Amino acid sequence: MSRAETSRAETGNVPVARAETPGAGVGAVRTSSPLWSLGLLRSELLITFRRWRTLALLGVLAAVPVLVGIAVKIETSDGSSSPGGGGGGGGEGPAFISQISNNGLFLVFTALAATLPFFLPMAVGVVAGDAIAGESSAGTLRYLLVAPAGRTRLLLTKYATVIAFCLAATLVVAVSALAVGALLFPLGDLVTISGTRIGYAEGLGRALLIALVVAASLVGVAALGLFVSTLTGSGIAAMATTVGLLITVQILDQIPQLHALQPYFFSHYWLSFADLMREPVYWDDLVKNLGLQALYAAVFGSAAWARFTSKDITA
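What counts, and where the lines are drawn
Residues numbered from 1 in each chain as written. Predicted model: local features only at pLDDT ≥ 70, side-chain atom pairs only at ≥ 80, totals over all residues. Heavy atoms only, no water. Helix = DSSP H or I, 4+ residues; strand = E, 2+ residues; numbered from the N terminus. Buried < 20%, exposed > 50% of the residue type's maximum accessible area, 1.4 Å probe, protein only. Contact = heavy atoms within 4.5 Å. Areas by Shrake-Rupley, 256 points an atom, 1.4 Å probe, with all protein chains shown as cover. Axes fitted to C-alpha atoms, helices over the stretch in contact; angles between N-to-C directions. Parallel < 35°, antiparallel > 145°, perpendicular 65-115°, else oblique. Left-handed = near helix turned anticlockwise from the far one by under 90°. Nonpolar A, V, L, I, M, F, W, Y, C, P; charged D, E, K, R; others polar. Salt bridge = Lys/Arg side-chain N within 4 Å of Asp/Glu carboxyl O. Phe/Tyr/Trp six-rings, centres within 6.5 Å; stacked < 30°, edge-to-face > 60°. Lys NZ or Arg CZ within 6 Å of the ring centre and 35° of its normal. pLDDT = per-residue confidence, 0-100. Core = buried A, V, L, I, M, F, W, Y, C linked by side-chain atoms within 4.5 Å.

## Considerations on the overall build of the chain
So, point 1. Scanning the chain for helices and strands turns up twelve helices and two strands.
So, point 2. Shown N-terminal to C-terminal, the secondary structure of the chain runs as helices and strands in the order α-α-α-α-α-α-α-α-β-β-α-α-α-α.
So, point 3. Per-residue burial over the chain gives 45% buried out of 315 residues.
So, point 4. By sequence separation, contacts in the chain at least 24 residues apart represent 75% of the contacts at least 6 residues apart.
So, point 5. Carbon and sulfur atoms form 66% of the exposed surface of the chain, whose accessible area is close to 14300 Å².

Spelled out as structure tokens, the structure:
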């Protein structure tokens, strides 16, 4: 066993496959159990969230609400109620910024809208792109397959880990924004985009629901990044390709001539979470967004499985 394999086994507490002894059946080496699967998932989660790269990505995401909150506080320090003299709440996404000075809870919505188009999916793309290709480039992929994981189980574990990162990254942004908003701005009842007033407790509930919807909006990017990760043995190449595809789709989604194709881009309905701040809630675009993410997860998840279960593992 190489040094990289030994280090990974010790760090992640992954059971090391024993050498087959004379007279022992092959099934004794390859057998696995649900508890082993949970141990593998725990190992992947610990390894992913202990990496300095992951911690740096989460740190950058947490800093975005801080910067936005400070900028709004400075802009409104002369007593104006909204940055730039803008009006009250309408519109999607970043339009929430006009309400931050009136209620710090709006910083949560603004921060999620500011990070969703690029920062959040970029972070997810980095983690997803490195999932399989990073193991291959580190020389630990063959070791993981020698252990009683199986390719399908390993791929599902990797995808579950990326989904966990999607949720963690989104919650980091939301919690950071909530803390900064409470420190810098008043809190209280909220005025929805429709002009109705809701209580602070209900506003917190909607903020949590919005965070969950934003995390679910990243499922498609996670599946795409995992598929790209199965195509190459270089973690850097997989991460760069995933982020490059993300940027390309974002650009294509802004070209008017492609309006017929844009509803099929995974990013097209991302800002539909703003409809959760309407009274009553508009569900049409929200349902389209979640359905589109499920479609991307099914298509690229299947493609990743087909590729990974049939490729020749050489590293």
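After that view, the rundown keeps rolling.
## A word on the packing of helix α8 (residues 151-184) against helix α10 (residues 219-229)
So, point 1. Between α8 and α10, the least distance of the axes is 10 Å, while the angle of their chain directions is 140°. As the angle between them shows, α8 and α10 are arranged oblique. Judged by the twist between their axes, the crossing of α8 over α10 is right-handed. Between α8, through Leu155, Lys158, Tyr159, Val162, Ile163 and Cys166, and α10, the contact on the second element is made entirely by Val219, Ala222, Ala223 and Leu226.
So, point 2. By residue class, the composition of the contact of α8 with α10 is nine nonpolar, no polar and one charged.

## Structural notes on the pattern of salt bridges
So, point 1. On inspection of all chains with the given rule, the structure shows seven salt bridges.
So, point 2. Across the salt bridge formed by Arg206 and Glu202, the nearest N and O atoms sit 3.0 Å from each other. Placement of both Arg206 and Glu202 in helix α9 (residues 200-216) is noted, with a separation of four residues, approximately one turn of the helix.
So, point 3. The exposure class assigned to Arg206 is buried, which follows from its relative accessible area of 11%.

## Brief notes about the packing of aromatic side chains
Two numbers describe a pair of aromatic rings. These are the distance of the centres and the angle of the planes.
So, point 1. One pass over the full model with this rule turns up seven aromatic pairs.
So, point 2. Ring geometry for Phe49 against Phe165: centres 6.2 Å apart, planes inclined by 40°, an arrangement best described as tilted. Of the two residues, Phe49 is situated in helix α3 (residues 34-50) and Phe165 in helix α8; the sequence distance between them amounts to 116 residues.
So, point 3. By relative accessible area, Phe49 is classed as partly exposed at 25%.
So, point 4. On the basis of relative accessibility, which here comes to 0%, the residue Phe165 falls in the buried class.
So, point 5. Between Phe118 and Phe119, the ring centres sit 5.7 Å apart and the planes meet at 75°, which makes this aromatic pair edge-to-face.
So, point 6. Three or more aromatic residues link up through ring pairs in this structure, and these residues are Phe227, Phe266, Trp270, Tyr296 and Phe300.
So, point 7. Of note, Arg151 hangs over the ring of Phe308, and the distance from its end group to the ring centre comes to 6.0 Å.

## Let's talk about the confidence of the model for the chain
So, point 1. Taken as a whole, the chain shows an average pLDDT of 82; of its residues, 80% reach a score of 70 or greater.
So, point 2. Segment residues 84-93 is flagged for pLDDT under 50; beyond a separation of four residues in sequence, or across chains, it makes 17 contacts in the model.

## Some thoughts on the nonpolar core
So, point 1. Counting 79 residues, the largest nonpolar core has Phe109 and Phe273 as the members making the most contacts within it.
So, point 2. The element that contributes the greatest number of residues to this core is α8, accounting for eleven residues.
So, point 3. In contact with Phe109, other than residues within four places in its own chain, are Phe96, Leu190, Gly203, Ala207, Ile210, Phe273 and Met277.

## Things to note about unusual backbone geometry
So, point 1. Going from Glu279 to Pro280, the amide bond is cis rather than trans, its omega being 0°.
So, point 2. Looking at the secondary structure, you find Pro280 in the loop between α11 (235-252) and α12 (284-310).

## Details of helix α5 (residues 106-115)
So, point 1. For α5, the buried fraction is high: nine of the ten residues fall into the buried class.
So, point 2. When α5 is considered as a whole, its buried residues turn out to be Phe106, Leu107, Val108, Phe109, Thr110, Ala111, Leu112, Ala113 and Thr115.
So, point 3. Check the buried side of α5 and you find it contacts α4 (52-75), α6 (119-138), α8, β1 (190-191) and α9.

## As for the environment of Gly104
So, point 1. Within the fold, Gly104 resides in the loop between α4 and α5.
So, point 2. Note on Gly104: relative accessible area 1%, which makes it buried.
So, point 3. For the pair Gly104 and Ala179, spaced 75 residues apart in sequence, the C-alpha separation works out to 8.8 Å.
So, point 4. Excluding residues within four positions of it along the chain, Gly104 makes contact with Gly181, Phe185, Pro186 and Leu187.

## Notes on the environment of Leu144
So, point 1. Tracing the backbone shows Leu144 in helix α7 (residues 141-146).
So, point 2. The buried category is assigned to Leu144, whose relative accessible area is 1%.
So, point 3. Residues Leu144 and Leu154, spaced ten residues apart in sequence, show a C-alpha to C-alpha distance of 8.0 Å.

## Side note on the packing of α5 against α8
So, point 1. At their nearest, the axes of α5 and α8 sit 8 Å apart, and the two run at 140° to each other. One way to sum up the angle between α5 and α8 is to call them oblique. Viewed along their axes, α5 and α8 form a crossing whose handedness is right-handed. Residues Leu107, Val108, Ala111, Leu112 and Thr115 of α5 form the contact with α8, whose own contacting residues are Thr170, Val173, Ala174, Ala177, Leu178, Val180 and Gly181.

## Some details on the side chain of Thr192
So, point 1. Structurally, Thr192 is set in the loop between β1 and β2 (197-198).
So, point 2. Leaving out residues up to four positions away in the same chain, Thr192 has contacts with Ile198, Arg206, Met277 and Glu279.

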